[in-house]
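Below, each chain spelled out in residue letters.
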Amino acid sequence: MKRVISVVAAIIENENGEWLIAKRPQHKTRGGYWEFPGGKIEAGEEAQTALKREISEELGIRISIIAKLTNQLHHYPDISIELSSYLCKAGSEAPHPHEHTAIEWVNLNNIQRYQLSAADNGIIEALKERAKQY
Ligand SMILES: Nc1nc2c([nH]c(=O)n2[C@H]2C[C@H](O)[C@@H](COP(=O)(O)OP(=O)(O)OP(=O)(O)O)O2)c(=O)[nH]1
Ligand SMILES: [Mg+2]
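Cut-offs applied
- Residues numbered from 1 in each chain as written.
- Chains lettered and ligands numbered in written order.
- Predicted model: local features only at pLDDT ≥ 70, side-chain atom pairs only at ≥ 80, totals over all residues.
- Heavy atoms only, no water.
- Near = heavy atom within 4 Å.
- Polar contact = N/O pair within 3.5 Å; in protein donor to acceptor, adjacent residues only side chain to side chain.
- Areas by Shrake-Rupley, 256 points an atom, 1.4 Å probe, with all protein chains shown as cover.
- Helix = DSSP H or I, 4+ residues; strand = E, 2+ residues; numbered from the N terminus.
- Expected span 1.5 Å × (residues − 1).
- Buried < 20%, exposed > 50% of the residue type's maximum accessible area, 1.4 Å probe, protein only.
- Contact = heavy atoms within 4.5 Å.
- Donors = N, O, S within 2.8 Å, 3.2 Å for Na, K, Ca; no water.

Let's shift gears to the site of ligand 1. Taken together, 19 residues lie around ligand 1, and R24, F36, K40, Y76 and D120 are the ones closest in. Contact between ligand 1 and E54: an oxygen atom at 3.2 Å from a side-chain N or O atom of the residue. Between ligand 1 and D120 there is a distance of 2.8 Å, counted from an oxygen atom to a side-chain nitrogen or oxygen. Calculation on ligand 1 without its partners gives an accessible area of 620 Å², and the protein chains cover 85% of this total. Secondary structure elements with two or more residues in the shell around ligand 1: strand 1 (4-13), strand 4 (38-40) and helix 1 (47-59). With three residues, the single largest contributor to the shell around ligand 1 is strand 4.

The following block contains the structure:
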């Protein structure tokens, strides 16, 4: 059995109802794919603490975590990940891509144009479901 890596991702919404996605650098696993910023939970770390740390490292901003959105196990050929996503709000600080090659604010209608990691399909589904309720 493959090792399961616990990963947290921030689903950050701005005032225009757009979501922040970031492009992974080529040299990393799943390089060139877009994702929701975040990363691996370190040993002994709480999920939400890990998320705030990752977002500070990757984008240089603080976030408030509103609610958990999804929790899904995904098997890639090389690794398995347990991906937990959280709905978040950013303050007035502008995010900068410290560890990605680009960031974009996208709405749910044009997010399909970006090639997202396979594990993120469940997150998009959940966001679309949620959008129907409003
Ligand atoms: N952050 C993030 N990782 C994702 C998403 N979807 C997805 O399959 N992954 C995968 C890619 C990686 O194999 C793993 C998380 O890796 P990561 O590269 O962000 O981890 P990290 O920030 O801790 O980076 P590193 O120190 O290991 O380089 O989860 C997503 O939406 N966000
Ligand atoms: Mg990361």
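Below, the discussion takes up helix 2 (residues 121-132). Each turn of an α-helix holds 3.6 residues, which means side chains three or four residues apart point in the same direction. With twelve residues, helix 2 extends 17 Å from end C-alpha to end C-alpha; this agrees with the ideal 16 Å at 1.5 Å per step. By the burial criterion, the buried members of helix 2 are G122, I123, I124, A126 and L127.

Let us look at the side chain of E45. Tracing the backbone shows E45 in the loop between strand 4 and helix 1. Polar side-chain contacts of E45 include one of 2.7 Å to the side chain of R53. With near-sequence residues (within four places) excluded, E45 lies in contact with K40, A50 and R53.

What follows concerns the coordination of the magnesium ion (ligand 2). For the magnesium ion (ligand 2), the protein coordination sphere consists of G38 (O) and E58 (OE), at 2.1 to 2.2 Å. Highlighted residues: G38 in strand 4 and E58 in helix 1, separated in sequence by 20 residues. Each member of the pair, G38 as well as E58, carries the same accessibility label: buried.

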